[in-house]
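Working through the structure, step by step
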Amino acid sequence: MVQKILMICLGNICRSPIAEVVMVETLAKAKMSDVEVDSAAIGSWHVGNRADPRAISTLKQHDLKCTHIVRQIRKQDFNEFDYIFGMDEENMSELRRLAPKDSKAELLMLGDFGLDKKNRIIEDPYYERGAEGFETAYQQCVVACAAFMKERLQK
Ligand code: 4NP
């Protein structure tokens, strides 16, 4: 059975594209097939754009490629995906607000898997000057995606 995962953040140009690529890589390394991964935005500002250049270069430093084109979350996502992940508490409250009553998707915060309580928020690096926040987000995603896969996905 195919399991479907959707990574969400505010703009879909920084954190969720990184989370998408890292989850795909984590699954591939574990030879987990039958899992599909996508990402999307809460907001519409960047729809149609590529990820932030700092997200792309951070992934490139880890030999990973990001070709995602930004899209905004839509109502049917809540019934098409099994797991929808937010990156911070604001994402989570927006997801809960947008979810239809009969939503199939489980709404989860990515950092609740594998990360310490004090490190569970994947902070928005967009307004920071450099790319350091992107590397931090990447490292959080590596730990959280592996932990989620181990805890929740069936082979
Ligand atoms: P993201 O970062 O949610 O990690 O993609 C942001 C990108 C853009 C904006 C906010 C957050 N923005 O307001 O345009």
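Preceding block: the structure.
The structure contained in this document is the topic of the report that follows. (Residues numbered from 1 in each chain as written. Predicted model: local features only at pLDDT ≥ 70, side-chain atom pairs only at ≥ 80, totals over all residues. Heavy atoms only, no water.)

Let us now look at the site of the ligand. In the vicinity of the ligand, the contacting residues are Cys9, Leu10, Gly11, Asn12, Ile13, Cys14, Arg15, His46, Asp124, Tyr126 and Tyr127. Taking cysteine 14, its main chain carries an N or O atom lying 2.9 Å from an oxygen atom of the ligand. At 2.9 Å from an oxygen atom of the ligand is found a side-chain nitrogen or oxygen belonging to tyrosine 127. In the shell around the ligand, the residues fall into six nonpolar, three polar and two charged. (Near = heavy atom within 4 Å. Polar contact = N/O pair within 3.5 Å; in protein donor to acceptor, adjacent residues only side chain to side chain. Nonpolar A, V, L, I, M, F, W, Y, C, P; charged D, E, K, R; others polar.)

For the rest of this paragraph, the subject is the packing of aromatic side chains. Here the distance between the centres and the angle between the planes together describe a pair of aromatic rings. This structure, assessed with the given rule, holds five aromatic pairs. Pairing phenylalanine 85 with phenylalanine 148 gives two aromatic rings, centres 4.8 Å apart and planes at 90°, and the pair type is edge-to-face. With phenylalanine 85 in strand S3 (residues 83-86) and phenylalanine 148 in helix H5 (residues 132-152), the pair connects residues that are 63 residues apart, well separated along the chain. By the burial criterion, phenylalanine 85 is buried, and phenylalanine 148 matches it. Seen in terms of ring centroids, tyrosine 126 and tyrosine 127 are 4.8 Å apart; in terms of plane orientation they differ by 75°. Their pairing is edge-to-face. Overall, tyrosine 126 belongs to the partly exposed group, its relative accessible area being 29%. Taking relative accessible area as the criterion, tyrosine 127 reaches 72% and is therefore assigned exposed. These aromatic residues form a ring-pair network of at least three members: Tyr83, Phe85, Phe113 and Phe148. (Phe/Tyr/Trp six-rings, centres within 6.5 Å; stacked < 30°, edge-to-face > 60°. Helix = DSSP H or I, 4+ residues; strand = E, 2+ residues; numbered from the N terminus. Buried < 20%, exposed > 50% of the residue type's maximum accessible area, 1.4 Å probe, protein only.)

Our focus in this paragraph is the packing of helix H2 (residues 53-61) against H5. Where H2 contacts H5, the two axes come as close as 9 Å, and the packing angle between them is 55°. Taken together, the axes of H2 and H5 lie oblique to each other. Crossing handedness for the pair H2 and H5: right-handed. Residues Arg54, Ala55, Thr58 and Leu59 of H2 touch H5, and the partners they reach there are Phe134, Glu135 and Tyr138. Broken down by class, the residue content of the contact of H2 with H5 amounts to four nonpolar, one polar and two charged. (Axes fitted to C-alpha atoms, helices over the stretch in contact; angles between N-to-C directions. Parallel < 35°, antiparallel > 145°, perpendicular 65-115°, else oblique. Left-handed = near helix turned anticlockwise from the far one by under 90°. Contact = heavy atoms within 4.5 Å.)

With that settled, consider the pairing of strand S2 (residues 35-41). Most of S2 is tucked away, with five of its seven residues classed as buried. By the bridge criterion, seven bridges tie strand S1 (residues 3-9) to S2 in an arrangement that is parallel. By the bridge assignment for S2, methionine 7 is matched with serine 39. Note on the crossover from S1 through helix H1 (residues 15-29) to S2: the handedness is right-handed. (Pairing = 2+ DSSP bridges. Right-handed = clockwise from strand over helix to strand, strands pointing away.)

Our next topic: H1. Side chains that are three or four residues apart share a direction in an α-helix, a result of its 3.6 residues per turn. When the terminal C-alpha atoms of H1 are compared, their 21 Å separation across 15 residues agrees well with the 21 Å that a helix rising 1.5 Å per residue should span. Summarising burial for H1: 11 of the 15 residues are buried, a large majority. Residues of H1 that are buried include every one of Arg15, Ser16, Pro17, Ile18, Ala19, Glu20, Val21, Val22, Met23, Thr26 and Leu27, and no others. Backbone geometry just downstream of H1 places lysine 31 in the positive-phi region, at approximately 55°. (Expected span 1.5 Å × (residues − 1).)

Here we take up the pattern of salt bridges. All chains considered together, the criterion is met by 12 salt bridges. Across the salt bridge formed by glutamate 36 and lysine 4, the nearest N and O atoms sit 3.8 Å from each other. With glutamate 36 in strand S2 and lysine 4 in strand S1, this pair connects stretches of sequence that are 32 residues apart. Since its relative accessible area comes to 41%, glutamate 36 is described here as partly exposed. Across the salt bridge formed by arginine 120 and glutamate 89, the nearest N and O atoms sit 3.3 Å from each other. Note that arginine 120 is positioned in the loop between strand S4 (106-109) and H5 and glutamate 89 in helix H4 (residues 89-98), a separation of 31 residues in sequence. Residue glutamate 89 is classed as partly exposed on the basis of its relative accessible area of 37%. (Salt bridge = Lys/Arg side-chain N within 4 Å of Asp/Glu carboxyl O.)

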